[in-house]
Amino acid sequence: MRRRLRPVLALALAIALLGVFAAGLAAVLDTPRPRPGASRAERLFVALCAECHGADGRGSWRATLFLIRPGDLTEPSRTGRESDQYLADVIRHGGAPLGRPGMPAFGAALKDEDIRELVTYLRELARAPGQSP
Ligand code: HEC
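Scoring rules and cut-offs
- Residues numbered from 1 in each chain as written.
- Predicted model: local features only at pLDDT ≥ 70, side-chain atom pairs only at ≥ 80, totals over all residues.
- Helix = DSSP H or I, 4+ residues; strand = E, 2+ residues; numbered from the N terminus.
- Buried ≥ 20, exposed ≤ 12 C-beta atoms within 10 Å, placed from the backbone.
- Contact = placed C-beta atoms within 7 Å.
- pLDDT = per-residue confidence, 0-100.
- Expected span 1.5 Å × (residues − 1).
- Arc of directions from axis to C-beta.
- Core = buried A, V, L, I, M, F, W, Y, C linked by C-beta atoms within 7 Å.
- Axes fitted to C-alpha atoms, helices over the stretch in contact; angles between N-to-C directions.
- Parallel < 35°, antiparallel > 145°, perpendicular 65-115°, else oblique.
- Nonpolar A, V, L, I, M, F, W, Y, C, P; charged D, E, K, R; others polar.
- Near = placed C-beta within 6 Å.

For the rest of this paragraph, the subject is the overall build of the protein chain. In terms of regular secondary structure, the protein chain is built from five helices and zero strands. Reading the protein chain from its N end, one meets helices and strands in the order α-α-α-α-α. Per-residue burial over the protein chain gives 17% buried out of 133 residues.

Turning to the environment of Arg78, a few remarks are in order. Following the sequence through the fold, Arg78 ends up in the loop between α3 (61-65) and α4 (84-93). C-alpha separation for the pair Arg78 and Ala126, spaced 48 residues apart in sequence, amounts to 8.5 Å. In this view, Arg78 contacts Gly71 and Asp72; residues no more than four positions away in its chain are not counted.

Further remarks concern the confidence of the model for the protein chain. Looking at the protein chain, pLDDT values average 85 and 89% of them are 70 or higher. For the protein chain, the element scoring lowest by mean pLDDT is α3, at 78; α4 scores highest, at 94.

Spanning 15 residues, helix α5 (residues 112-126) covers 21 Å between terminal C-alpha atoms, matching the ideal 21 Å at 1.5 Å per step. Taken residue by residue, α5 has Ile115, Leu118, Val119, Tyr121, Leu122, Leu125 and Ala126 as its buried positions. In a view along the axis of α5, the buried residues occupy a sector of 165 degrees, so they form one face of it.

Let us now look at the nonpolar core. Grouped together as the largest cluster of nonpolar side chains are 15 residues, with contacts concentrated most on Phe45, Leu118 and Leu122. Where this core is concerned, the elements lending two or more residues are α2 (40-53), α4 and α5. Ranked by residues supplied to this core, first place goes to α5 with seven residues. Dropping the residues within four chain positions of it, Phe45 is found in contact with Ala50, Leu118 and Tyr121.

Packing of α2 against α5 brings their axes to within 9 Å, and their N-to-C directions diverge by 90 degrees. For the element pair α2 / α5, the angle class is roughly perpendicular. Counted together, Arg40, Ala41, Glu42, Leu44 and Phe45 of α2 and Asp114, Glu117, Leu118, Thr120 and Tyr121 of α5 form the full contact between these two elements. When its residues are assigned to classes, the contact of α2 with α5 shows five nonpolar, one polar and four charged.

All right, on to the site of the ligand then. The ligand sits among 23 residues. The nearest are Cys49, Cys52, Arg100, Gly102 and Met103. Counting residues per element, the ones that place at least two in the shell around the ligand are α2, α4 and α5. By residue number, the principal contributor to the shell around the ligand is α2, which donates five residues. For the shell around the ligand, the per-class residue count stands at 14 nonpolar, five polar and four charged.

For the rest of this paragraph, the subject is α4. For α4, the set of buried residues is Leu87, Val90 and Ile91. The buried residues of α4 occupy one face: seen down the axis, they fall within an arc of 95 degrees. Tucked into the core, α4 has its buried residues touching α5. Phi turns positive one or two residues past the end of α4, at Gly94, with a value near 80 degrees.

Now the structure itself:
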């Protein structure tokens, strides 16, 4: 009896380990979700931009994995220096016209108002944590 049980137990253990591994992988690969009560701009950002830029704007590991270099949107010397018009143009037309081909265009998917709100949101991201508005 004991002898026959052993391979069954080993199989059960293997399946359980596989389950733990898959759950861990799913947790890591899961798309980031906006916080409850997030603003519309934050929800847009998480839904459309976080895939490459990361939920916090610092770049996602998935982008790194696919050799996409979205840079750090929270870097004040970068995003902080650009005009609202420039940021809106980058989002609307993508990076290609500006020689930054990695950044896709969202003009077809987003209304002008959404783009404006995203620009405001980018400004918030670019503020260093702890720095008052
Ligand atoms: C497919 C991946 C991808 C997605 C999705 C994406 N971006 Fe980007 N983005 C990039 C890459 C790559 C760059 C850097 C391009 C470069 O510097 O050559 C970039 C650059 C930028 C820049 C900086 C441009 C500059 O000159 O510094 C802004 C702002 C930006 N993205 C905003 C957004 C916003 C807002 C969204 C969502 C609406 C978004 N991105 C979605 C890949 C992405």
